[in-house]
Amino acid sequence: MEVQIERVVRDDFAEMITLADMTLPDRMNLHELKKYMELFPELIFKATYNGQLIGFSCAGIDMYQTTGWLLFSNVRKEFQGQGIGKLLIEARLQALRQFPTLRTVQVTVSETNASSIRALSAYGFRLAHAEQDYYGPGKHRNLMELPILPMIQPEKIQSSIVTT
């Protein structure tokens, strides 16, 4: 199966909201999606198969550009378990790594979402701590974290080379 991962454009919004209504009921709306597009236009991705939207995801970054976030991800039920979520994780991590001051990436995940925890762990995410009632009473989340090694600037590489 050849899945395409691309950045989202505004024309994708209606289809994304339809998918969100199926996969994330009561968690996403058009206003929220537009807000993410204004804040993080380079960090929202879609997965398509044969031209059909089958998933989408968003990352964000804090105002200091040191902490990235995997904000949400969803994949149509009939396409889950086929590695599409991992492709969306990888797309967001690649995009976040373009920020040279990035030091860590964080994500919250339901403590019962074993498949997401496994996928995130495969990329090096580790449990930082559990947060009780994160989304309200009884809606607990695990905060997972991935440390990012600082990018070495080319001028620093050259200045550390000793010639004799």
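For clarity, every value in this text was computed on a predicted model and none was experimentally measured. (Residues numbered from 1 in each chain as written. Predicted model: local features only at pLDDT ≥ 70, side-chain atom pairs only at ≥ 80, totals over all residues. Heavy atoms only, no water.)

K.L.:
Provide a residue-level description of the packing of helix 1 (residues 13–23) against helix 2 (residues 30–39), including the pertinent values.
P.N.:
Between helix 1 and helix 2, the shortest axis-to-axis distance is 10 Å and the interhelical angle comes to 125°. Judged on the interaxial angle alone, helix 2 and helix 1 are oblique. Here the hand of the crossing between helix 1 and helix 2 comes out right-handed. Of the residues in helix 2, those in contact with Phe 13, Met 16 and Ile 17 of helix 1 are Leu 30, Leu 33, Lys 34 and Met 37. Along the lines of polarity and charge, the residues of the contact of helix 1 with helix 2 split into six nonpolar, no polar and one charged. (Axes fitted to C-alpha atoms, helices over the stretch in contact; angles between N-to-C directions. Helix = DSSP H or I, 4+ residues; strand = E, 2+ residues; numbered from the N terminus. Parallel < 35°, antiparallel > 145°, perpendicular 65-115°, else oblique. Left-handed = near helix turned anticlockwise from the far one by under 90°. Contact = heavy atoms within 4.5 Å. Nonpolar A, V, L, I, M, F, W, Y, C, P; charged D, E, K, R; others polar.)

K.L.:
Give me the lowdown on the nonpolar core, citing residues and values where you can.
P.N.:
Judged by nonpolar contacts, the single largest core of 43 residues is most densely connected at Phe 56, Leu 70, Val 105 and Phe 125. For this core, the leading source of residues is helix 3 (residues 84–96), giving seven residues. Residues contacting Phe 56, with those up to four places away along its chain left out, are Met 16, Leu 19, Ala 20, Met 28, Leu 33, Phe 45, Lys 46, Phe 72, Ser 73, Asn 74 and Leu 88. (Core = buried A, V, L, I, M, F, W, Y, C linked by side-chain atoms within 4.5 Å. Buried < 20%, exposed > 50% of the residue type's maximum accessible area, 1.4 Å probe, protein only.)

K.L.:
Just give me the short version of the packing of aromatic side chains, but keep the residues and values in it.
P.N.:
Geometrically, a pair of aromatic rings is defined through the distance of the ring centres and the angle of the planes. Within this structure, the stated rule accounts for four aromatic pairs. Taken together through their ring pairs, the aromatic side chains of Tyr 36, Phe 56 and Phe 72 make up a single cluster. (Phe/Tyr/Trp six-rings, centres within 6.5 Å; stacked < 30°, edge-to-face > 60°.)

K.L.:
Give a description of the environment of Leu 88 that names residues and reports values.
P.N.:
By secondary structure assignment, the location of Leu 88 is in helix 3. A C-alpha to C-alpha distance of 8.7 Å links Leu 88 and Cys 58, two positions 30 residues apart in sequence. When sequence neighbours within four positions are dropped, the list of residues in contact with Leu 88 reads Ile 5, Phe 45, Lys 46, Ala 47, Gly 55, Phe 56, Ser 57, Ser 73, Asn 74 and Val 75.

K.L.:
Help me get a handle on the sheet that holds strand 1 (residues 3–7), residues and values and all.
P.N.:
The mixed open sheet is built from seven strands, whose spatial order is 1-2-3-4-5-7-6. Each edge of the open sheet is held by one strand with a lone partner, namely strand 1 and strand 6 (126–131). With strand direction ignored, the average angle separating the axes of adjacent strands in the sheet is 25°. Sheet analysis places strand 4 (residues 67–75) next to strand 5 (residues 104–110), joined by three bridges and oriented parallel. Its bridge partner lying in strand 5, Trp 69 is registered against Gln 106. Across the sheet, helix 1 touches strand 2 (44–49), strand 3 (52–61) and strand 4, and the angle it forms with strand 3 is around 90°. Sheet strands touched by helix 2: strand 2, strand 3 and strand 4. Its angle to strand 4, the strand with the most contacts, is close to 140°. (Pairing = 2+ DSSP bridges.)

Taken by themselves, the reported measurements are silent on function.
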